[in-house]
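Coordinate analysis (summary)
What follows is the residue order along each chain.
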Amino acid sequence: MKGNEALAEAAIRAGCRFFFGYPITPQTELAAYMAKRMPKEGGVYLQAESEIAAINMVYGASAAGKRAMTSSSSPGISLKGEGISYMAGADLPGVIINVQRGGPGLGGIQPSQSDYFQATRATGHGDFHLIVLAPSTVQEMTDYVFRAFDLADEYRTPVMILADGMLGQMMEPVVLPEPKTEFPAKPWAVTGHKGQRTHNIVNSLHLKPERLEETNVERYQRYDRIKATEQLAEEYRVEDAEIVVVAFGASSRIVRSAVNKAREKGIKAGLIRPITLWPFPADAISAATDRAKAILTVEMNMGQMVDDVRLVVCGRVPVEFFGRAGGIIPTPAETLAVIERIAASLEGGAR
Amino acid sequence: MSKIVFERPHSLTDAQFSYCPGCTHGIVHRLVAETMDELGIEGTTVGVAPVGCSVLAYEFFGCDMVQAAHGRAPAVATALKRALPENVVFAYQGDGDLASIGMAETVHAATRGEKITIIFINNAIYGMTGGQLAPTSLPDQVTQTSPYGRDVNEAGFPIRVVEMLSTLDGVALAQRVTVDTPKNVRAAKRAIKKAFEYQVEGVGYTIIEVVSTCPTNWGLSPVDALQWLRDNMLPYYPPGVYKDVKADGFANVAEAAAARALELAGGGEV
Ligand SMILES: Cc1ncc(C[n+]2csc(CCOP(=O)(O)OP(=O)(O)O)c2C)c(N)n1
Ligand code: SF4
C-alpha cells in the first residue's frame, strides 16, 4: 500500500468519518482515497475552499463529538495554524496530517523535515502543544494514525502525524488494524441538549486573565502527564554505542543503514529514532548520552530537532548536526562519512 | 387576573447581555430565541458565535453553542450540520466577520447549499474593535480608519451581501430586514423563522441580513442611530427578499438550480 493511502485507510478504521481537505502535493493520494472510501462508509469527504476552512471544519465536526481529520503539506499547514490553535484552546481532539515538503514559502514538492519547529513549537499562536508522531514506514503510518485518534480523545488535544513526501509516496506491505467499534463518551460535545442538561459550550475565549491562566495551567498539567507516559523512541544498536545518531522519519531510514555500515567498519554507532517528536523522548536520549562519546543529529532540514537534542544532552558530550535541505534526502554514504569523521576525531583525542 | 404578555424567551439564558444600550444585537438575539422557542428546537439546535461584539452569544443562547475563529463560522457550521444532520445549526455573524475575513467561507458554504442558517448583522462598522471601516461601511462614512469618510476610490465600494449571495444556486433564502420599528421587528422575526423552517425542511442555505445599528461607534444616541439607519443604510441596503426558492415554486435548491440551468441553456428564453 502507498503511504498516503495507508494513512487514510487507518483513519477510517480508527472511526474517522469526517475528512476535510484541500489539494496539495505530495499528499493528494490521501484525499483521493478518502473521496472514494468515505461515502461507502457513510462518512463525509468534503473538499474545503481552503486549508483554513478545512481545519475549521475539523473543529466543527470534533465539537459535535466526531472523529475528524484533515491532511495537507507544509504551506497548507501554515494556514491551518489558526484553527489548530483554536482546537487546542477549546480542548478539541482531532488529527492533522502533514506530508512535509521543502520550504520556506512555496518551497518545493520534494520530501523534507523542515516543519519540525512548526509542529513541536509554534503550530499557531498561544501556549500549547500538539502530540506529534513521526512514522518511518508505511506500517507505522498505519499504526500511528490509528493511535493518534485515541491519544487525541484521551487527552482532548489535536494530534499531528508528521510525515514527508518520501513516506507518503512509498509502497510497502502493511497489516491493517481491525476497525474500531468502541469509542469514548464525549459528554462535552455539542449535540443539542434535548432539554436534558444545561447547554454545552465549545470555546477558547476567556476574558478574565485569571480564568485564562487557569485553563493554560490545567492544559500544561495534562502535558506533564503526556510527557511522563507517552514518550516513544526506537533504539537501534545503542546499548554500547559511542556515537549515537538521532534521526526521525525518513532520515532515520538512511541513518539505520549508515549505522550498519559504520558497525561493519568497527565504529560503535547506534540510532535513536524519536517516534513522538512531542513529547520529545528526552529520557531515551538522556540515557544513551550517559554511555556515548558523541551525538549526531541527522535531519532533512537546516537543523531543527538538534535544538531539542542539545537541551537533553546539556553539554555532556559534543552534539553534531548533519542535514540536507530543499527536498534532498541525505545518502547513507554521506551520512557514514560524517560518522567516520566523528569517530576519527574521538580516536585522535581531538578534544 | 393579570396575564404575562412579555417574557424572556426560554432559549435565552439568564446571562446579562453585554451589548451597549440601544444596540440592535439584543433585539436580534431575542428574535432568534423566540424562533427557537416557537419551533421547539432549542434542544436540537447548535449555534455558532463569531468574533465580534456577539462573540459572547454562546453565553446568551440556551442551545448548545460553539465559538468560532474570526470569519470561520460558516466552515464550523458546515461541519456541525454534516455531523449532526438532524439538528438545526445557525451562525450569527457581523459584517467584518462575514463579509471581510470570512468571505471565502461565506460564499462557499452558500454555494454548497449547506443546510444552515446565517444571521448576518450589518451595522456598517467593526463594533468590537472600536469602530473601524467595514466591508459594508457606506461611501463617505466616517470611521476610525476612514477619518475623512470612505473614499470609494481608495477603499472601494461596500458589499451588498444578500444580493451577491442570491446569485448562487445553493441559496434557498436570502433576505434583508431591519429592526428600526416594531413593524419591521415583526417582519424580521417572520424572516428569521422562515429561514429556520427552510433549514428544517432541508431546502438549502438560508441567510437573513439584519440592517443594524452601532450607536456607540457611530457616535449617535440610540434614537439618532435608528434615524441614521433609515436615512443612510436602508437606501443603500434595501430590505427585501432577494432569493426564495420556495416562493419561486421549488422544493429545494437542487430543483431551482436545475430549472435555472435549463433556462440559461435555452439562451435566456423561458
Ligand atoms: C484573526 C483575527 N483578526 C482580527 C481580530 C480582531 N477583531 C475582533 S472583532 C473584529 C471585527 C468585528 O466586527 P464585525 O464582524 O462587524 O462585528 P461587530 O463587532 O460589529 O458586531 C475584529 C477585526 C480577531 N479577533 N481575529
Ligand atoms: S459596539 Fe456597537 S455593535 Fe457592539 S455592542 Fe456596542 S453598539 Fe452594539
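All figures in this text were calculated on a predicted structure; none of them were measured in a lab.

As a further point, take the overall build of chain B. A count of helical and extended segments in chain B gives eleven helices and seven strands. A compact globule built from 270 residues would reach a C-alpha radius of gyration of about 18 Å, and chain B, at 18 Å, matches this within 12%. In chain B, which comprises 270 residues, the proportion classed as buried is 56%. Put simply, 68% of the contacts in chain B that link residues at least 6 apart link residues at least 24 apart. Carbon together with sulfur atoms contributes 56% to the accessible area of chain B, which is approximately 10,900 Å² in total. Charge separation in chain B, taken as the distance between the mean sites of 21 positive and 29 negative side-chain charges, equals 4 Å.

Before going further, it helps to spend a moment on the sheet that holds strand S6 (residues 158-164) of chain A. Residues and elements named next belong to chain A. With mixed pairing, the seven strands of this open sheet are ordered in space as S2-S1-S3-S4-S6-S5-S11. In this open sheet, the two edge strands, each paired with only one partner strand, are strand S2 (44-47) and strand S11 (276-278). If you compare each strand with its neighbour and ignore which way they point, the axes differ by 20 degrees on average. Inspection of the sheet shows strand S1 (residues 18-21) paired to S2 by four bridges, in the parallel sense. Paired with Phe-20 across the two strands is Leu-46, which belongs to S2. Relative to the sheet, helix H1 (residues 3-13) contacts strand S3 (68-72), strand S4 (94-100) and S6, its axis offset from that of S4 by approximately 175 degrees.

Residues and elements named next belong to chain B. For ligand 1, the set of nearby residues contains 16 residues, the closest of which are Cys-53, Asp-95, Gly-96, Asp-97 and Gly-127. Contacts to ligand 1 include Asn-123, whose side-chain N or O atom sits 3.2 Å from an oxygen atom. With respect to ligand 1, the backbone of Ile-125 contributes an N or O atom lying 3.1 Å from an oxygen atom. Look at ligand 1: alone it shows 600 Å² of surface, and the protein chains cover 76% of it. Among the elements that make up the shell around ligand 1, the one with the highest residue count is helix H4 (residues 95-101) (four residues). Of the residues assigned to the shell around ligand 1, the class counts are six nonpolar, eight polar and two charged.

Rules used in this analysis
- Residues numbered from 1 in each chain as written.
- Chains lettered and ligands numbered in written order.
- Predicted model: local features only at pLDDT ≥ 70, side-chain atom pairs only at ≥ 80, totals over all residues.
- Heavy atoms only, no water.
- Helix = DSSP H or I, 4+ residues; strand = E, 2+ residues; numbered from the N terminus.
- Rg over C-alpha atoms; globule rule 2.2 N^0.38 Å.
- Buried < 20%, exposed > 50% of the residue type's maximum accessible area, 1.4 Å probe, protein only.
- Contact = heavy atoms within 4.5 Å.
- Areas by Shrake-Rupley, 256 points an atom, 1.4 Å probe, with all protein chains shown as cover.
- Lys, Arg positive; Asp, Glu negative; His and termini not counted.
- Charge placed at Lys NZ, Arg CZ, Asp CG, Glu CD.
- Pairing = 2+ DSSP bridges.
- Axes fitted to C-alpha atoms, helices over the stretch in contact; angles between N-to-C directions.
- Near = heavy atom within 4 Å.
- Polar contact = N/O pair within 3.5 Å; in protein donor to acceptor, adjacent residues only side chain to side chain.
- Nonpolar A, V, L, I, M, F, W, Y, C, P; charged D, E, K, R; others polar.

By themselves, these figures tell us nothing about what the structure is for.
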